[in-house]
Structures are given as structure tokens and as C-alpha cells.
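The residues making up each chain are set out below.
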Amino acid sequence: MSANTHRVIIDTDPGVDDALAILLALRSPELEVIGITTVCGNVRVEQATKNLFRVLELVPFPSGLFIGQGAVQPLRQPLEPATHVHGADGLGELDRIRNPDGTRRYVDAGTPRSLPNALTAWRECLRRSPGEVTLITLGPLTNLAHALEAEPALVRAFRSVICMGGALGVPGNVTPAAEYNFYVDPHAADRVLRSGLPLTLVPLDVTTRVSLSREAIAKLTAHATDPVCRFLGDATGPAVAFAQRTEGRGAFYLHDPLAVGVAIDPSLVKRVSLRVAVETEDRAARGRTSMDRASPPTVQAAMDVDAARFLTLFQTRLCRR
Ligand code: BDR
Ligand code: CA
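Residues numbered from 1 in each chain as written. Chains lettered and ligands numbered in written order. Predicted model: local features only at pLDDT ≥ 70, side-chain atom pairs only at ≥ 80, totals over all residues. Heavy atoms only, no water.

## Considerations on the packing of aromatic side chains
Point 1. In the structure shown here, the tally under the stated rule is three aromatic pairs.
Point 2. Above the ring of Tyr 183, the side-chain terminus of Arg 286 is found at 3.8 Å from the ring centroid. (Phe/Tyr/Trp six-rings, centres within 6.5 Å; stacked < 30°, edge-to-face > 60°. Lys NZ or Arg CZ within 6 Å of the ring centre and 35° of its normal.)

## Some thoughts on the site of ligand 1
Point 1. Every residue close to ligand 1 is listed here: Asp 17, Asp 18, Asn 42, His 86, Leu 138, Met 164, Asn 173, Glu 179, Tyr 180, Asn 181, His 255 and Asp 256.
Point 2. Protein chains bury 95% of the 280 Å² of accessible surface belonging to ligand 1 in isolation.
Point 3. Among the cavities detected, the one that contains ligand 1 is the largest pocket.
Point 4. Grouping the constituent residues of the shell around ligand 1 by class yields three nonpolar, five polar and four charged. (Near = heavy atom within 4 Å. Areas by Shrake-Rupley, 256 points an atom, 1.4 Å probe, with all protein chains shown as cover. 1 Å grid on protein atoms, 1.4 Å probe; cavity = no way out; pocket = protein on both sides within 12 Å on 5 of 7 lines; lining within 4 Å. Sits in = over half its atoms within 2 Å of the grid points. Nonpolar A, V, L, I, M, F, W, Y, C, P; charged D, E, K, R; others polar.)

## Considering the side chain of Thr 280
Point 1. One can find Thr 280 in the loop between β9 (269–278) and β10 (289–292).
Point 2. By relative accessible area, Thr 280 is classed as buried at 18%.
Point 3. Within polar-contact distance, the side chain of Thr 280 engages the side chain of Glu 281 at 3.0 Å.
Point 4. Other than its neighbours up to four places away in sequence, Thr 280 contacts Pro 186, His 187 and Asp 190. (Helix = DSSP H or I, 4+ residues; strand = E, 2+ residues; numbered from the N terminus. Buried < 20%, exposed > 50% of the residue type's maximum accessible area, 1.4 Å probe, protein only. Polar contact = N/O pair within 3.5 Å; in protein donor to acceptor, adjacent residues only side chain to side chain. Contact = heavy atoms within 4.5 Å.)

## Observations concerning the environment of Gly 70
Point 1. Note that Gly 70 resides in the loop between β3 (66–69) and α3 (83–86).
Point 2. For Gly 70, a relative accessible area of 17% translates into the label buried.
Point 3. As for Gly 70 and Arg 113, which are separated by 43 residues in sequence, their C-alpha atoms are 15 Å apart.
Point 4. Every residue in contact with Gly 70, bar those within four places of it in the chain, is listed here: Thr 38, Val 45, Ala 118 and Asn 143.

## Quick word on the pattern of salt bridges
Point 1. Counting across every chain of the model gives 19 salt bridges.
Point 2. Put simply, Glu 46 and Arg 44 hold a salt bridge, and the shortest N to O gap is 3.4 Å.
Point 3. A salt bridge links Arg 194 to Asp 190; its shortest N-O distance comes to 3.1 Å.
Point 4. Ionic contacts of the salt-bridge type, sharing partners, join the residues Arg 54, Asp 89, Asp 95 and Arg 104 into one network. (Salt bridge = Lys/Arg side-chain N within 4 Å of Asp/Glu carboxyl O.)

## Observations regarding the environment of Glu 179
Point 1. Residue position: Glu 179 is located in the loop between β5 (160–164) and α7 (180–184).
Point 2. The class for Glu 179 is buried, based on a relative accessible area of 2%.
Point 3. Distance in space between the C-alpha atoms of Glu 179 and Leu 141 is 13 Å, their sequence separation being 38 residues.
Point 4. Not counting the four nearest positions on each side in its chain, Glu 179 is found in contact with Met 164, Gly 165, Gly 166, Ala 167, Gly 172, Asn 173, Val 174 and Leu 204.
Point 5. One polar contact links the side chain of Glu 179 to the main-chain amide nitrogen of Asn 181, over a distance of 2.9 Å.
Point 6. A distance of 3.1 Å separates a polar atom in the side chain of Glu 179 from the backbone nitrogen of Phe 182.

## Comments concerning the pairing of strand β2 (residues 31–38)
Sheet faces and side chains relate simply in a regular strand, where the side chains alternate between the two faces.
Point 1. Most of β2 is tucked away: seven of the eight residues are buried.
Point 2. Inspection of the sheet shows strand β1 (residues 6–12) paired to β2 by seven bridges, in the parallel sense. Bridge pairing in β2 places Asp 11 opposite Thr 37.
Point 3. One ladder, built from four bridges, connects β2 with β3; its direction is parallel. Paired with Thr 38 across the strands is Gln 69, a residue of β3.
Point 4. Handedness of the β-α-β unit built from β2, helix α2 (residues 45–56) and β3 comes out right-handed. (Pairing = 2+ DSSP bridges. Right-handed = clockwise from strand over helix to strand, strands pointing away.)

## Some details on the coordination of the calcium ion (ligand 2)
Point 1. Distances from the calcium ion (ligand 2) to its protein donors, namely Asp 13 (OD), Asp 18 (OD), Asp 18 (OD), Leu 138 (O) and Asp 256 (OD), fall within the range 2.2 to 2.6 Å.
Point 2. Mapped onto the polypeptide sequence, the residues donating to the calcium ion (ligand 2) form the spacing pattern D-x4-D-x119-L-x117-D. Highlighted residues: Leu 138 in the loop between β4 (133–137) and α5 (142–150) and Asp 256 in helix α13 (residues 255–264), separated in sequence by 118 residues.
Point 3. According to the relative accessible area criterion, Asp 256 is buried, its value standing at 2%. (Donors = N, O, S within 2.8 Å, 3.2 Å for Na, K, Ca; no water.)

## Considerations on the state of the cysteines
Point 1. Tallied over the full model, the rule gives one disulfide.
Point 2. Across the disulfide from Cys 229 sits Cys 319; the S-S distance is 2.2 Å. A torsion of 90° about the S-S bond marks the disulfide between Cys 229 and Cys 319 as right-handed. In this pair, Cys 229 sits in helix α11 (residues 227–235) while Cys 319 sits in the segment after α14 (307–318), placing the two residues 90 residues apart along the sequence. (Disulfide = S-S within 2.5 Å.)

Fair warning: the whole summary comes from geometry, so function is off the table for now.
Next comes the structure, spelled out in C-alpha cells:
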């Protein structure tokens, strides 16, 4: 590891934007991805793990990478997956994609019969690099909430946590009040935000400012031979169509890739120290984040982003010419 390389574990519910975030991390020399763990969210956790292995077929990854499977359900409520956004398989319905000769472009990668649980994978990573590892969470915070309960000392060994979630000064994307990751497991989000961990929040306030239009994706991926770039074009179709139906604009939001972008280059965003609370009780407002600038801060929230610089970084790393 060079002096400028930063060790990370990614906790994720792939998810198309999760997949692109993982690919961005694995193609970024600033990061050494030492662990990836899955959590229920966009899809059931078994499917999330299956999707992770599909994504790992596309790129070389470190031979010692620890992979673990985490929570099967949110802390206190049934899972509400987001397959209406990410497609039935969570990866944009890849089975429908054919090569010019009619063969399937994406074959099932298969998953190992048994995997360590997420906490075991984190423990192993942190045992080797205590105080050096950043945890990047791209899904509901269920695994981290469980870890805080079961092994608080272990979690304190993270150097920092970067978390995609919340909607502070903008509307939610599941309900008018809430962003998806916090909506799915508000009790976990509440537990994490009250934990005192060194937390950077990457909310919708910044992630909705980094999107690729349908036309931009078509241009970027036309004639692509790079499998990662081809995947970007193949997997984003259903989510772009969903945005077209619901917002009248066909575009793909790079929510989770921006959280990885913040790990690669923290100067991409401007952070504000804030106390952030999560609504857990009121049904209509479940998962809503509210900020309080007057009380002692609990997080560093990314509230502004250099969108053009991030988009250039994302595109050049995922679509190599
Ligand atoms: C978040 O919700 C999920 O559907 C995405 O993968 C992302 O993590 C955005 O609200
Ligand atoms: Ca996600």
C-alpha cells in the first residue's frame, strides 16, 4: 500500500448504483478495497451477495478481499426492496442483455456455499489494519447498527465512516420526507447517527446533483469494449426509465458512487458540522432526517459538491478509452 492509499471496506446492497460505486472503488488507485459486505436493502441479502459476485466478474480485485454477508432484515420492520427502481434482479435485469451473436452477456457468477457474516469480515479486516480503515456504507445501516450493539470496541477501530443516506434540505426519494437507505431502516440510521462515530454523511442534497442523462450514458457507452463501461450502459436502463416515469427526465443518479468519490477525494464536497436526527416513530415521516445547527454536531454532512469534477472522475475511471 502506498502512503497515499486509503484502506476501505464497502458495506452495500447492490443495487445498480452500488455496483457502479464498487467498480469505481476497485478502479481507483487512491483506495485499497480490503473488504466488501452485503446488507438487505434494494434486494434481499442473498440476491445482494449474488449481485456482488456478478460485479466482481467484471474487474480484477485484490486476492485477499474479505467478503461477508450481513443482515437479512432491517432492525424492526419488514424489508421494502427497491426492485421497481433497480430491476427485478437489482442489477437492471441483466439476463435480458444479449451479445450481437445472441448469447447472454452476463452469466451467473455463482456464490460460495458459505460466507462469513459481515461482522466477522469487518473484524478480520480491522485486526490487520486497526485505525486505518474507512467504512463506506451504501445501503441501510443495519449491519453497522448490529455491530455497534454487539461489538462497539470493534466499530471504534474504524478510522472513519462515510455513509450515503438522508435528505437534509431536499425532499426524499421514497416519500416526500425520506431517502431510501434511512427509510428502510430508520432505527439503524438513528442508532448510527447517535453513536459518536466520525461520520461523513453523503445525502441526497449532493447525490441528486450528480446524474447522467440517458443521452450521456448512450454517448459514453456507445461502441464500448471495456466490460465495466458496457455494464454501465446495460444495467442503468430500468432506473433511467423509472426516473423518466416519475420525474419526467430519463437520468441515472450516482448516489453511491459519490460516497466512494468522497473517500477518493474529500475535496469533492464541502462539509458542514451538524446534529442530524432520524425520525423513527411517525409513520408518514419515517426515515426523515432533520438538522440542527445549534446543538453539538453529530456528523459532517456533505452539503455542496463539485459535480463536474466528480462526473469527470467517474466517467474516466469507468469508461477507459
Ligand atoms: C440510495 O437508495 C438506494 O436505492 C441506492 O442504492 C442508494 O444507496 C439512494 O437513496
Ligand atoms: Ca445502495
